[in-house]
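In case you want the letters, here they are:
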Amino acid sequence: MISIKPIIENSWEEILTNEFKKSYFVDLRKFLLSEKENNIIYPPSNLIFNAFNKTPFTNVKVVILGQDPYHGENQAHGLSFSVPKGVKKPPSLVNIYKELKSDLNISIATHGNLGNWALQGVLLLNATLTVRNSEAGSHQKKGWEIFTDSVIKAISDKKENVVFILWGNYAQSKESIIDGGKHLIIKSVHPSPLSASRGFFGSKPFSKTNQYLQSKNISPICWKIE
């Protein structure tokens, strides 16, 4: 059985408790229970809310928004763009590391686990939190986007001076629910190999983020992957 009334970090529980009671979320839970009976679902149920548990609401400094979890075996672990150690780095993450090297001269890590970023306050949030094995986008428009839009809006409304990093058209479609007057929005094309050369490379999101945080007397992110 898959648990969708999450065991979630306390500050997020306080912010999101009403969302879990809403009809769309009840329907989403039923859908996921059915999916679990008939298909392999990623990430594992105990990691669906991993981004929230690694990055409490009270700690959020940066949001990096992805669209879907990776749909290959052992790839998804609840953090956007990240994969567990020992799993081959996906192409978009390879390009993120290339830009990190170009931007801050940080050597390219041997693994793809971005958990160190999450622990520093980088919320690695996918708009959809689950996916069926080998079927990209298979859990879109089932309710997850309503839930994660509420997360983005809660951060925008209840916090100040957060950096929202929006890579690609899908992430940028969320700009309308972010208050650009009290947060920094950094936009570029997606790091996918299909688009990275058209403006992701050279966009310097990591140094721009730290410059902004420091200008607000907030400690910067150590982007080096341990």
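Residues numbered from 1 in each chain as written. Predicted model: local features only at pLDDT ≥ 70, side-chain atom pairs only at ≥ 80, totals over all residues. Heavy atoms only, no water.

(A) Here's a closer look at the layout of surface pockets. Space inside the largest pocket adds up to approximately 400 Å³. Lining the largest pocket are 21 residues, with Gln 67, Asp 68, Tyr 70, Phe 81 and His 190 positioned closest to its centre. Going through the elements one at a time, strand 2 (62-66) and helix 7 (168-172) are the ones with two or more residues in the lining of the largest pocket. Along the lines of polarity and charge, the residues of the lining of the largest pocket split into eight nonpolar, 12 polar and one charged. (1 Å grid on protein atoms, 1.4 Å probe; cavity = no way out; pocket = protein on both sides within 12 Å on 5 of 7 lines; lining within 4 Å. Points joined across faces, edges and corners; volume = space filled by probe spheres on them. Helix = DSSP H or I, 4+ residues; strand = E, 2+ residues; numbered from the N terminus. Nonpolar A, V, L, I, M, F, W, Y, C, P; charged D, E, K, R; others polar.)

(B) Examining the pattern of salt bridges more closely. If you walk through the whole model with that rule in mind, you get six salt bridges. Its salt-bridge partner being Asp 149, residue Lys 174 comes within 2.8 Å of it at the nearest N-O pair. Note that Lys 174 is positioned in the loop between helix 7 and strand 6 (184-188) and Asp 149 in helix 6 (residues 144-158), a separation of 25 residues in sequence. (Salt bridge = Lys/Arg side-chain N within 4 Å of Asp/Glu carboxyl O.)

(C) A look at the nonpolar core. Ranked by internal contacts, the top residues of the largest apolar core, which has 60 residues, are Trp 12, Phe 52, Ile 64, Trp 117, Phe 147 and Ile 155. Here Ile 155 is in contact with Trp 12, Phe 57, Val 60, Val 63, Leu 123, Val 162, Phe 164 and His 183, once residues within four sequence places are set aside. (Core = buried A, V, L, I, M, F, W, Y, C linked by side-chain atoms within 4.5 Å. Buried < 20%, exposed > 50% of the residue type's maximum accessible area, 1.4 Å probe, protein only. Contact = heavy atoms within 4.5 Å.)

(D) Fine view of the packing of helix 4 (residues 91-104) against helix 8 (residues 205-215). Where helix 4 contacts helix 8, the two axes come as close as 8 Å, and the packing angle between them is 55°. It follows that helix 4 is oblique to helix 8 by the angle criterion. On helix 8, the residues touching Ile 96, Glu 99, Leu 100, Asp 103 and Leu 104 of helix 4 are Pro 205, Phe 206 and Ser 207. By residue class, the composition of the contact of helix 4 with helix 8 is five nonpolar, one polar and two charged. (Axes fitted to C-alpha atoms, helices over the stretch in contact; angles between N-to-C directions. Parallel < 35°, antiparallel > 145°, perpendicular 65-115°, else oblique.)

(E) A look at the side chain of Lys 61. Tracing the sequence through the fold places Lys 61 in the loop between helix 3 (50-54) and strand 2. By relative accessible area, Lys 61 is classed as buried at 17%.

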